[in-house]
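# Fold and geometry: a report
Read off the chains here:
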Amino acid sequence: MLKKIQETADFIKDQTNFEPEVGIVLGTGLGGLVEEIEIEKTLEYTDIPNFPVSTVSGHKGCLLFGNLNGRKIVAMQGRFHFYEGYSMQELVFQIRVMRFLGIQMLVVSNACGGMNPAFNVGDVMIIRDHINLLPGNPLIGKNIDELGPRFPDMGEAYSRKLIQLAEKYANDQGILYQKGVYASVTGPTFETPAEYKYIHIIGADAVGMSTVPEVIAARHMGVPVFGMSVITDLGVDGVVEEVSHEEVIKAAKTAEPKMSAMISAVVKGFDQVL
Ligand code: HPA
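What you are looking at is a predicted structure, and each value in this text was computed from that prediction instead of being measured.

### Quick word on the packing of helix α4 (residues 160–173) against helix α7 (residues 245–273)
- Remark: α4 packs on α7, axes separated minimally by 9 Å, with the N-to-C direction vectors making an angle of 130 degrees. It follows from the interaxial angle that α4 and α7 lie oblique. Viewed along their axes, α4 and α7 form a crossing whose handedness is right-handed. Note on element contacts: α7 touches α4 through Ala 261, Met 262, Ala 265, Val 266, Gly 269, Phe 270 and Val 273, opposite Lys 161, Leu 162, Leu 165, Ala 166, Tyr 169 and Ala 170.
- Its residues assigned to classes, the contact of α4 with α7 comprises eleven nonpolar, one polar and one charged.

### Concerning the site of the ligand
- The full set of residues close to the ligand is Ala 111, Cys 112, Gly 113, Phe 190, Glu 191, Tyr 196, Val 207, Gly 208, Met 209, Thr 232, Asp 233 and Val 248.
- The backbone of Gly 113 places a nitrogen or oxygen atom 3.3 Å from a nitrogen atom of the ligand.
- Between the ligand and Asp 233 there is a distance of 2.6 Å, counted from an oxygen atom to a side-chain nitrogen or oxygen.
- In isolation the ligand exposes 260 Å². Once the protein is present, 96% of that is buried.
- Sorting elements by how many residues they give to the shell around the ligand places strand β5 (residues 105–114) first, with three residues.

### Some details on unusual backbone geometry
- Gly 187 connects to Pro 188 through a cis peptide bond whose omega is 0 degrees.
- Mapped onto the elements of the fold, Pro 188 is located in the loop between β7 (178–184) and α5 (193–201).
- Phi at Asn 69 takes a positive value of approximately 55 degrees, unusual for a residue other than glycine.
- By the secondary structure assignment, Asn 69 is in the loop between β3 (62–68) and β4 (71–77).
- In this structure, Thr 211 is a non-glycine residue whose phi angle is positive, near 75 degrees.
- Here Thr 211 shows up in the loop between β8 (206–208) and α6 (212–220).

### Digging into α7
- The first and last C-alpha atoms of α7 sit only 37 Å apart over 29 residues, clearly below the 42 Å expected at 1.5 Å per residue.
- Along its length, α7 reaches its greatest deviation from straightness, about 50 degrees, at Glu 256, and the proline Pro 257 lies no more than four positions downstream.

### Observations regarding helix α1 (residues 2–16)
- With 15 residues, α1 extends 21 Å between its outermost C-alpha atoms, agreeing within 8% with the 21 Å of an ideal straight helix rising 1.5 Å per residue.
- Among the residues of α1, those classed as buried are Ile 5, Thr 8, Ala 9, Ile 12 and Thr 16. In an axial view of α1, the angular spread of the buried residues amounts to 100 degrees, which keeps them on one side of the axis. Along α1, exposed side chains directed more than 90 degrees from the buried face belong to Lys 3 and Asp 14.
- One or two residues past the end of α1 sits Asn 17, with phi positive at roughly 55 degrees.

### Thoughts on the environment of Asn 50
- Along the chain, the position of Asn 50 falls in the loop between β2 (38–44) and β3.
- Taking C-alpha positions, Asn 50 is 9.4 Å from Glu 90, a pair spaced 40 residues apart along the chain.
- Ignoring sequence-local partners within four residues, the contact set of Asn 50 consists of Lys 4, Glu 7, Thr 8 and Phe 93.
- At a separation of 3.4 Å, a polar atom in the side chain of Asn 50 contacts the main-chain carbonyl oxygen of Lys 4.

### Things to note about the pattern of salt bridges
- The full count for this structure, using the stated rule, is seven salt bridges.
- Its salt-bridge partner being Glu 167, residue Lys 179 comes within 3.3 Å of it at the nearest N-O pair. Taken together, the residues span a long stretch of sequence, with Lys 179 in strand β7 and Glu 167 in helix α4 at a distance of twelve residues.
- Assessed through its relative accessible area of 37%, Lys 179 is described here as partly exposed.
- Taken together, the shared-partner salt bridges connect Glu 21, Arg 71 and Asp 271 into one network.

Basis of the calculations
Residues numbered from 1 in each chain as written. Predicted model: local features only at pLDDT ≥ 70, side-chain atom pairs only at ≥ 80, totals over all residues. Heavy atoms only, no water. Axes fitted to C-alpha atoms, helices over the stretch in contact; angles between N-to-C directions. Helix = DSSP H or I, 4+ residues; strand = E, 2+ residues; numbered from the N terminus. Parallel < 35°, antiparallel > 145°, perpendicular 65-115°, else oblique. Left-handed = near helix turned anticlockwise from the far one by under 90°. Contact = heavy atoms within 4.5 Å. Nonpolar A, V, L, I, M, F, W, Y, C, P; charged D, E, K, R; others polar. Near = heavy atom within 4 Å. Polar contact = N/O pair within 3.5 Å; in protein donor to acceptor, adjacent residues only side chain to side chain. Areas by Shrake-Rupley, 256 points an atom, 1.4 Å probe, with all protein chains shown as cover. Expected span 1.5 Å × (residues − 1). Bend = angle between axes of the 7 residues up to and from the residue. Buried < 20%, exposed > 50% of the residue type's maximum accessible area, 1.4 Å probe, protein only. Arc of directions from axis to C-beta. Salt bridge = Lys/Arg side-chain N within 4 Å of Asp/Glu carboxyl O.

Below you can see the structure in the form of structure tokens.
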């Protein structure tokens, strides 16, 4: 595994000659942040050795290198999901490669269902913590000591300082946002009303099919994480409505400017607060 990560990172360094400070995982329908990146180089996943290839429509598969708000970033345009059939280790390969390229901070974004009754479709949510409901963990198996410890601490999976930075920016700009706990499930089915209720009762405000494995891999390596979700549908008791992939993408597009602005602000200022 370690050799493969190194091999892929070396290939990318050769191709790009670029040292990113920040890694960004662009979630479903949130590709618009891309418009704010001054792109210097694009690599298709299919051209990168050892990279899995994305299978969902609306998920492109490219690694983008460029500048966002004056910072060198690498962005994953198209991520990998457990429901596509990848193993947990495959899901986090790119995160590990981005670390080997030099990232000092990871931003994750996603679309998800909201279960907190105060939430509305189109809201953006700062992820303050998560609950892993996936049937696994990317760190299961022999620990790769070169990456991180056997038993990583998860007391601050999402950096409090980065959350404060985002909140200050949003408050200054008058951007309304929610803050909450994200639970990860396998999908590809959306939840039944009973499942939404259960996931809310155990302490989550939102539920989605991604993000948590990536965050675990980043924290294993000691990389601080900032995460945001767009609430694309509601699983609130009594108001569970039918949900489709198209609706999810539509709601994500509406919320995108708010989320892009907050992420850009965190990317700009992260080294001032960490
Ligand atoms: N559940 C799980 N994943 C999702 C949802 C949801 O309601 N909406 C968008 N991704």
